[in-house]
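Summary of structural features
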Amino acid sequence: MTTEQRRSLLAFQDYIRKTLDPTYILSYMAPWFREEEVQYIQAEKNNKGPMEAATLFLKFLLELQEEGWFRGFLDALDHAGYSGLYEAIESWDFKKIEKLEEYRLLLKRLQPEFKTRIIPTDILSDLSECLINQECEEILQICSTKGMMAGAEKLVECLLRSDKENWPKTLKLALERERNKFSELWTVEKGIKDVETEDLEDKMETSDIQIFYQEDPECQNLSENSCPPSEVSDTNLYSPFKLRNYQLELALPAKKGKNTIICAPTGCGKTLVSVLICEHHLKKFPPGQKGKVVFFANQIPVYEQQESVFSKYFERLGYRVTGISGATAENVPVEQIVENNDIIILTPQILVNNLKKGTIPSLSVFTLMIFDECHNTSKQHPYNMIMFNYLDQKLGGSSGPLPQVIGLTASVGVGDAKDTDEALDYICKLCASLDASVIATVKDNLEELEQVVYKPQKFFRKVESRVSDKFKCIIAQLMRDTESLAKRICKDLESFSQIQNREFGTQKYEQWIVTVQKACMVFQMPDKDEESRICKALFLYTSHLRKYNDALIISEHARVKDALDYLKDFFSNVRAAGFDETEQDLTQRFEEKLQELESVSRDPSNENPKLEDLRFILQEEYHLNPETITILFVKTRALVDALKNWIEGNPKLSFLKPGILTGRGKTNQNTGMTLPAQKCILDAFKVNGDHNILIATSVADEGIDIAQCNLVILYEYVGNVIKMIQTRGRGRARGSKCFLLTSNAGVIEKEQINMYKEKMMNDSILRLQTWDEAVFREKILHIQTHEKLIRDSQEKPKPVPDKENKKLLCGKCKALVCYTADIRVIEECHYTVLGDAFKECFVRRPHPKPKKFPNFDKREKIFCARQNCSHDWGIHVKYKTFEIPVIKIESFVVEDIATGVQTLYSKWKDFHFEKIPFDPAEMAN
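Bear in mind that the values here come from a model prediction, so they are computed numbers and not experimental data. (Residues numbered from 1 in each chain as written. Predicted model: local features only at pLDDT ≥ 70, side-chain atom pairs only at ≥ 80, totals over all residues. Heavy atoms only, no water.)

Attention now moves to the overall build of the protein. Helix and strand counts for the protein come out as 35 helices and 24 strands. Taking all 925 residues of the protein together, the buried fraction comes to 56%. Nonlocal contacts in the protein, meaning residues at least 24 apart in sequence, comprise 72% of its contacts between residues at least 6 apart. For the protein, the exposed surface amounts to about 40500 Å²; the carbon and sulfur share of it is 49%. (Helix = DSSP H or I, 4+ residues; strand = E, 2+ residues; numbered from the N terminus. Buried < 20%, exposed > 50% of the residue type's maximum accessible area, 1.4 Å probe, protein only. Contact = heavy atoms within 4.5 Å. Areas by Shrake-Rupley, 256 points an atom, 1.4 Å probe, with all protein chains shown as cover.)

Here it is in structure tokens:
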């Protein structure tokens with residue numbers, strides 16, 4: 001090994017210490033290390049941790065004098081699976097590992113939330129390529145012996161040391177695939193493919209990380225048939241099928257080529273209607289011409305269902321069908337997929353991303369666009385972003401043909417309308433957003449529709465709450481104490497959120513916790529160690545507050561016992577995970593109150609009156625009809641479990657066989673259902689008869705075909721008019737009933753308002769359908785033109801450049817590097833620095849991936865020349881005849897000379913200084 005290589009190993013030792021667990025490679029280093037040295041390293045890890053063990057390992061390593069030990073070290077890294085570290089040391093380029101630092105800092109901050117929200121065994125297979133095999137085995141072992149929270153803590157420890165550049169993105173995708181709510185906190189910046197090209201370094205080395213929009217994972221459409229299962233089986237669906245007359249009526253305007261919103265009840269078979277429209281559309285083209293259909297589905301389960309439906313039906317007709325979702329988009333060339341297929345099923349953000357990047361040049365590549373759940377076409381939803389593109393093309397006089405647009409929904413909604421005129425305006429705006437000239441509803445075949453989808457009778461039950469709530473008093477005091485502790489370490493805590501008048505045990509309090517945690521992620525202090533300590537503690541405090549808040553919600557709607565069990569499970573997991581001083585203190589505070597809480601949970605006077613009323617309804621309905629099939633809707637997944645336990649433990653309800661259906665997202669260690677588990681429960685409920693009551697969250701709102709369900713109970717469950725129509729649509733059997741059970745008069749009032757709004761919606765649609773079509777189109781065009789003017793006026797003005805000279809400091813060691821006056825812009829997107837002084841500030845090393853571009857020859861990388869820094873600043877290139885550095889702004893801190901204020905920029909386009917073009921004459925001078 002040369003002296004230069006030894007010096008480089010010393011220079012980069014911090015990266016190695018943070019990444020390497022030397023005990024995983026010791027077996028491969030046996031020829032070089034003595035037995036006692038191996039034992040010392042093992043003992044150092046056991047006593048002080050892997051970083052201290054890596055320090056000792058490097059000390060022994062650098063003392064070796066035998067020939068070939070450096071190559072032996074690299075081979076050991078390779079064999080053990082440290083591919084990122086191997087590549088970095090072999091090329092002396094630690095840029096990829098250095099880029100992981102911001103994600104490590106974020107994960108450290110989020111660690112308290114991570115270990116309470118993540119079930120490691122659910123995502124470990126997705127993350128296995130980002131970890132060492134031995135780490136995966138250790139995580140599984142800890143999950144098995146100490147519990148999931150301890151396993152999650154071990155997973156964090158391993159991710160913090162991972163040398164794989166894609167682990168942040170892989171974690172994001174794994175969380176999204178599992179519908180884990182932690183993915184909302186785990187934010188991953190968009191990569192170079194989503195933004196304009198800025199420098200040659202990014203061209204070559206920035207990975208594309210896209211964040212795809214998705215709705216609340218609790219709202220998942222699992223199946224939708226037009227008839228009872230006996231009439232429309234999967235087999236029948238994918239062979240030529242006969243549609244009902246009302247379905248033909250719904251399809252008629254679209255078959256005539258009109259842009260149409262199809263508004264029809266849940267369970268009437270809108271999927272079959274869309275298949276009919278699609279087939280008619282594709283067959284109408286003459287020889288030599290072809291149609292191209294895109295079907296948009298908001299959520300992955302709906303996307304998977306529709307891809308299956310369309311594939312099975314259309315592939316037998318010779319059409320090519322494929323699907324692209326957020327989970328697969330990065331692995332496929334979207335433009336080629338679109339070009340080579342006749343029907344493409346997409347999650348909408350995919351198209352939004354590709355329209356922005358220009359890989360899909362315009363919507364003219366499609367001839368038909370179908371929007372499932374089209375009532376979402378508003379504000380910044382991806383549906384609306386797609387239609388903005390469409391309307392810009394329409395109103396801008398583009399020569400390209402526009403696709404036909406079809407929207408599917410059970411309810412167009414009325415927004416905040418107070419009367420029919422306002423409702424009419426709201427619906428017209430939705431039509432304008434979708435460029436729809438027709439709203440298709442069933443009118444001529446209403447009697448047939450009512451034979452398929454029955455409207456249940458609706459009943460309201462107002463019940464009393466507990467007279468006194470000792471459990472809430474105790475928990476509220478624990479929450480006040482925890483808030484005080486949080487404020488003691490961060491006096492500005494209240495400034496983290498604008499939410500005021502928050503009450504314990506409410507959704508508003510949960511929102512406050514979320515906003516505080518998000519603010520914590522960007523919290524900065526001069527003392528970075530202190531910043532890290534405060535942020536971690538705040539996450540711990542707010543995580544405990546969230547559990548207390550959940551328990552209060554459970555207690556309000558179920559038994560005190562269920563709420564207390566929920567907290568005991570949480571603190572049991574905390575203890576098993578090897579908690580720190582803060583967690584020990586919080587746990588001790590809870591345990592001091594545990595005996596009193598146990599006494600309250602056993603006191604019969606604390607029983608919940610709402611449960612008694614729910615028991616009465618169930619006993620009464622099953623007495624009248626023992627074959628009753630029930631869906632019981634509740635607000636939270638914790639409440640699903642609590643009510644299931646209550647039913648199973650109540651001897652008066654022994655005739656019930658409860659099943660549960662919840663969303664795929666996870667809010668704690670024990671909840672969240674996979675898609676196969678959801679389908680299994682539905683089969684047991686619909687087909688096998690294993691359950692006669694299904695306790696569900698809003699996942700069952702949309703699209704589940706349970707034709708034989710004849711009792712729907714909304715247990716403290718109410719939403720907007722769209723949600724009301726969807727939940728009521730679950731009870732579609734003849735003679736079905738729908739009960740709203742609540743202790744809050746406001747909930748009943750809100751549901752009554754929804755019923756009034758439904759009538760307004762239906763009346764408004766009927767009025768619109770009487771309008772002359774030309775008049776309606778003129779109204780739509782007026783709205784579209786007005787909305788486009790507003791959009792165009794809201795475009796941000798071009799920022800004025802700041803002409804004041806500013807300092808650029810090294811982002812790592814904070815040494816002065818240059819001034820903005822020294823910077824020049826090459827070809828509008830590459831930035832170099834003039835002057836010999838700057839050349840003294842960096843060192844050059846061969847680039848591991850040299851490449852030639854037009855006018856550019858990328859040859860070397862540049863690093864900060866200060867001892868123990870070596871921060872990656874960019875690259876060194878040959879531009880035409882000039883040898884020059886090209887720097888990246890993310891590697892530097894910008895300091896205002898007058899005020900001393902420091903600012904970080906991730907992209908040059910965000911830094912609005914006076915940008916002077918590169919002039920070859922200056923180089924000559």
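When you line up the elements, Glu87 lands in helix H6 (residues 83–91). Measuring from C-alpha to C-alpha, the distance between Glu87 and Pro848 comes to 9.3 Å, with 761 residues separating the pair along the chain.

The phi angle at Glu373 is positive, at roughly 50°, despite the residue not being glycine. The exposure class assigned to Glu373 is buried, which follows from its relative accessible area of 13%. Non-glycine residue Asp435 carries a positive phi angle of around 55°. Position of Asp435 among the secondary structure elements: in the loop between helix H21 (420–433) and strand S7 (438–440).

Every second residue of strand S9 (residues 630–633) is oriented toward a common face, with Thr630 and Leu632 on one face and Ile631 and Phe633 on the other, all of them buried. For S9 and strand S11 (residues 693–696), the ladder comprises four bridges, and the chain directions are parallel. Its bridge partner being in S11, Thr630 is matched across the sheet by Ile693. Examined bridge by bridge, S9 and strand S12 (residues 711–715) share four bridges and lie parallel to one another. Across the sheet, the residue bridging to Thr630 is Leu711, located in S12. (Pairing = 2+ DSSP bridges.)

The strands that make up a sheet are held in pairs by hydrogen bonds between backbone atoms, and each pair lies either parallel or antiparallel. Strand order in the open sheet formed by seven strands is S3-S4-S2-S5-S6-S1-S7, with parallel pairing between adjacent strands. The open sheet has two edge strands, strand S3 (321–324) and S7, and neither has a second partner. On average, each strand axis in the sheet is inclined to that of its neighbour by 20°, with strand direction left out of account. With four bridges joining them, strand S2 (residues 293–296) and strand S4 (residues 343–346) adopt parallel strand pairing. Within S4, the position partnered with Phe296 by the bridge is Leu346. In the packing of helix H20 (residues 382–395) onto the sheet, the strands contacted are S2, strand S5 (368–372) and strand S6 (404–409), and the crossing angle to S5 comes to about 155°. (Axes fitted to C-alpha atoms, helices over the stretch in contact; angles between N-to-C directions.)

The next subject is the sheet that holds strand S14 (residues 806–810). Pairing in this open sheet of four strands is antiparallel, and the strands run S15-S14-S22-S23 from one edge to the other. This sheet does not close on itself; its edge strands, each paired only once, are strand S15 (816–819) and strand S23 (902–904). Geometrically, the sheet is characterised by an average inter-axis angle of 30° between neighbouring strands, direction not taken into account. The pairing of S14 with S15 spans three bridges and is classified as antiparallel. Opposite Leu808, over in S15, you have Cys818 as the bridge partner.

With that out of the way, let us pick up helix H9 (residues 120–127). Of the residues making up H9, those classed as buried are Pro120, Ile123, Leu124 and Leu127. Looking down the long axis of H9, one finds its buried residues gathered within 125° of arc, a one-sided arrangement. The elements touched by buried residues of H9 are helix H10 (133–146), helix H11 (148–161) and helix H12 (167–177). (Arc of directions from axis to C-beta.)

Turning next to helix H16 (residues 270–283). Helix length check: H16, at 14 residues, gives a terminal C-alpha distance of 20 Å against a target of 20 Å (1.5 Å per residue), a fit within 8%. Within H16, 12 of the 14 residues are buried, leaving the element largely enclosed by the surrounding structure. For H16, the complete set of buried residues consists of Lys270, Thr271, Leu272, Val273, Ser274, Val275, Leu276, Ile277, Cys278, Glu279, His281 and Leu282. (Expected span 1.5 Å × (residues − 1).)

A few words now on the confidence of the model for the protein. Averaged over every residue, the pLDDT of the protein is 82; the share at 70 or more is 85%. Long-range and interchain partners of residues 190–239, a stretch whose pLDDT sits below 50, account for 169 contacts in this model, where long-range means more than four residues apart. Low pLDDT, under 50, characterises residues 666–671; the stretch is placed with 30 contacts to residues that sit more than four places away or in other chains. (pLDDT = per-residue confidence, 0-100.)

This part covers the pattern of salt bridges. For the coordinates displayed, the defined rule picks out 56 salt bridges. Across the pair Arg791 and Asp392 runs a salt bridge, and its minimum N-O distance is 3.3 Å. Highlighted residues: Arg791 in helix H33 (residues 773–793) and Asp392 in helix H20, separated in sequence by 399 residues. The salt bridge involving Glu621 is made with Lys737; its shortest N-O contact spans 3.2 Å. Here the residue Glu621 occupies a position in helix H28 (residues 609–624), and Lys737 occupies one in strand S13 (residues 737–742), the gap between them amounting to 116 residues. Note on Glu621: relative accessible area 10%, which makes it buried. Shared partners join several salt bridges into a network, and the residues in it are Asp21, Lys45, Glu135, Glu138, Lys154, Glu157 and Arg161. (Salt bridge = Lys/Arg side-chain N within 4 Å of Asp/Glu carboxyl O.)

Across the interface, H9 lies against H10 with an axial gap of 11 Å and an inter-helix angle of 170°. Considered as vectors, H9 and H10 are oriented roughly antiparallel to each other. In this structure, H9 contributes Pro120, Thr121 and Leu124 to the contact, and H10 contributes Cys136, Ile139, Leu140 and Cys143. Among the residues forming the contact of H9 with H10, the class breakdown is six nonpolar, one polar and no charged. (Parallel < 35°, antiparallel > 145°, perpendicular 65-115°, else oblique. Nonpolar A, V, L, I, M, F, W, Y, C, P; charged D, E, K, R; others polar.)

Let us now look at the nonpolar core. Formed by 98 residues in total, the largest nonpolar core has its most connected members in Phe114, Trp186, Phe471 and Leu643. At 11 residues, helix H25 (residues 528–557) tops the list of elements feeding residues into this core. When residues no more than four places from it in sequence are discounted, the contact partners of Leu643 are His557, Ala558, Leu611, Leu632, Val634, Ile695 and Tyr715. Ile261, Val412, Leu424 and Ile765 belong to the second largest nonpolar core, which has 46 residues in total. (Core = buried A, V, L, I, M, F, W, Y, C linked by side-chain atoms within 4.5 Å.)

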